[in-house]
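Listed below are the residues making up each chain.
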Amino acid sequence: MDNIKGGGENNETTTTTTESNSDWAELTHECLINILSRLTLSDRWTGPLFVCKSWFNACKDPSLYTTFDLDPQFGSTHESTRWWTIEFQRKIDSMLRSVVTWSSGGHGVSLLSVIRVRHCSDFSINLVAERCPNIQVLSIPSCQNVTDVSMTNIAYKCPKITELDISYCYEISHESLAMIGRNCPNLKTLKRNLMNWLDPSQHVGIVPDEYLNACPQDGDAEATAIGKFMPHLEHLEIQFSKLTARGLGSICEGCPNLKYLDLSGCVNVTSRDISNATSKVKNLIEVKKPNFYIPRSGFHTERYSHWSLYDDRFQTDVFRI
């Protein structure tokens, strides 16, 4: 992912305009689209986009952009310090804005229904809100500059969302969760995971310290918003949330259709809290409990040393750093 070249907003000036007499340049637009549709996004953006002007124009065809998924690129390598820089964020923003523009034919309503990207900002997400009213899946984890401003726009203008991933987005508050819940009645999947604040050593040196220290503290406020405004949720992930039994109770009372609940790292709820709250959710199939955990480093060791007295509360073979 570190070799990403950025978006296509400025690529037209670098695309060669010399069509020459090449047979490749004479392929019909329909034939080019057929070929390009068989390539991955990465293959299209690192080759055909720069062949010639006709190929560049074909690469911008709206039919190629019903989905924009960079997860394979991010998942294929270890997390990089560079991903958390403003320079990298600008490149991701440029790519996403280009795709949104191309998917709408340069104007009008975008054909995009799925977006999976990381490290973008309000700059691109606001354009998504403006141009993509039919978006159904919006996955934007690890976006340090996506805030309540753009999420409010998403809530008002993208009511068809069924899946939302805002994990590790610390500038998004419970107010956005409430807005999304009010305006996106079809929401079935919510991922609102936090980084491991108990032992952040796995993130130190990669994620900026000030961002690690900005971990949201209002777990119960977020849980209340989820329980009150997202009654149709079926899949919920809130790893390392600081919610208490009260917040968990709000979720379980307000989300009767839950089938999957991930509470990994939620150390402020006990096994009894979980049993009491989830007993009300009749369709629940799987609950991932906080798990018995001994910090690898010195972080919070004294505060959570009492866990060793309650090893029957949590599983001991699931959570490993």
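Here the structure is a predicted model, which means the values were calculated and not measured.

Draft legend 1. Fine view of the confidence of the model for the chain. With 82% of its residues at a pLDDT of 70 or more, the chain has an overall mean of 83. Contacts from residues 293-321, a stretch scored under 50 in pLDDT, to residues over four places away or in other chains number 48 contacts.

Draft legend 2. Main features of the packing of aromatic side chains. Under the defined criterion, the tally for this structure stands at six aromatic pairs. Aromatic side chains Phe 74 and Trp 83 sit 5.0 Å apart centroid to centroid with 90 degrees between the ring planes, which places their arrangement in the edge-to-face category. Each member of the pair, Phe 74 together with Trp 83, is buried. Their ring planes at 20 degrees and their centres at 6.4 Å tell us that Trp 83 and Phe 88 sit as a pair that is stacked. Note on accessibility: Trp 83 and Phe 88 belong to one class, buried. Ring pairs connect the aromatic residues Phe 74, Trp 83 and Phe 88, which therefore count as one cluster. The cationic tip of Arg 182 hangs over the ring face of Phe 229; the distance from NZ or CZ to the ring centre is 4.3 Å.

Draft legend 3. Molecular detail of helix H5 (residues 86-103). Here H5 contains 18 residues, and its C-alpha end-to-end distance of 25 Å stays within 8% of the 26 Å for a straight helix at 1.5 Å per residue. Most of H5 is tucked away, with 13 of its 18 residues classed as buried. At the exit of H5 stands Gly 105, carrying a positive phi of roughly 70 degrees.

Draft legend 4. Fine view of the sheet that holds strand S5 (residues 189-191). Pairing within the open sheet is parallel, and its eight strands lie in the order S1-S2-S3-S4-S5-S6-S7-S8. In this open sheet, the two edge strands, each paired with only one partner strand, are strand S1 (67-69) and strand S8 (286-288). Shown here is a sheet whose adjacent strand axes are inclined to one another by a mean of 5 degrees, direction ignored. Pairing of S5 with strand S6 (residues 235-237) involves three bridges; the strand directions are parallel. If you follow Leu 190 over to S6, its bridge partner there is Leu 236.

Draft legend 5. View of helix H12 (residues 271-278). Along H12, the residues classified as buried are Ser 271, Ile 274, Ala 277 and Thr 278. End-on view of H12: buried residues confined to an arc of 135 degrees, all on one side of the axis. In this structure, the buried residues of H12 make contact with helix H11 (245-254), strand S7 (260-262) and S8.

Draft legend 6. Quick look at unusual backbone geometry. Look at His 119: it is not a glycine, yet its phi comes out positive at around 60 degrees. Relative to the helices and strands, His 119 resides in the loop between strand S2 (114-116) and helix H6 (122-131). You will see that Tyr 168, though not glycine, has its phi angle at about 60 degrees, which is positive. Considering the arrangement of structural elements, one finds Tyr 168 in the loop between strand S4 (163-165) and helix H8 (174-183). Here Tyr 168 falls in the partly exposed class, since its relative accessible area comes to 23%.

Draft legend 7. Fine view of the packing of helix H7 (residues 148-157) against H8. For the pair H7 and H8, the least separation of the axes is 8 Å and the interaxial angle reads 10 degrees. Here H8 runs roughly parallel to H7, going by the angle between their axes. Where H7 approaches H8, its residues Asp 148, Met 151, Thr 152, Ile 154, Ala 155 and Tyr 156 are matched on the opposing element by Glu 175, Ser 176, Met 179, Ile 180 and Asn 183. Split by residue class, the contact of H7 with H8 holds six nonpolar, three polar and two charged.

Calculation notes
- Residues numbered from 1 in each chain as written.
- Predicted model: local features only at pLDDT ≥ 70, side-chain atom pairs only at ≥ 80, totals over all residues.
- Heavy atoms only, no water.
- pLDDT = per-residue confidence, 0-100.
- Contact = heavy atoms within 4.5 Å.
- Phe/Tyr/Trp six-rings, centres within 6.5 Å; stacked < 30°, edge-to-face > 60°.
- Buried < 20%, exposed > 50% of the residue type's maximum accessible area, 1.4 Å probe, protein only.
- Lys NZ or Arg CZ within 6 Å of the ring centre and 35° of its normal.
- Helix = DSSP H or I, 4+ residues; strand = E, 2+ residues; numbered from the N terminus.
- Expected span 1.5 Å × (residues − 1).
- Pairing = 2+ DSSP bridges.
- Axes fitted to C-alpha atoms, helices over the stretch in contact; angles between N-to-C directions.
- Arc of directions from axis to C-beta.
- Parallel < 35°, antiparallel > 145°, perpendicular 65-115°, else oblique.
- Nonpolar A, V, L, I, M, F, W, Y, C, P; charged D, E, K, R; others polar.

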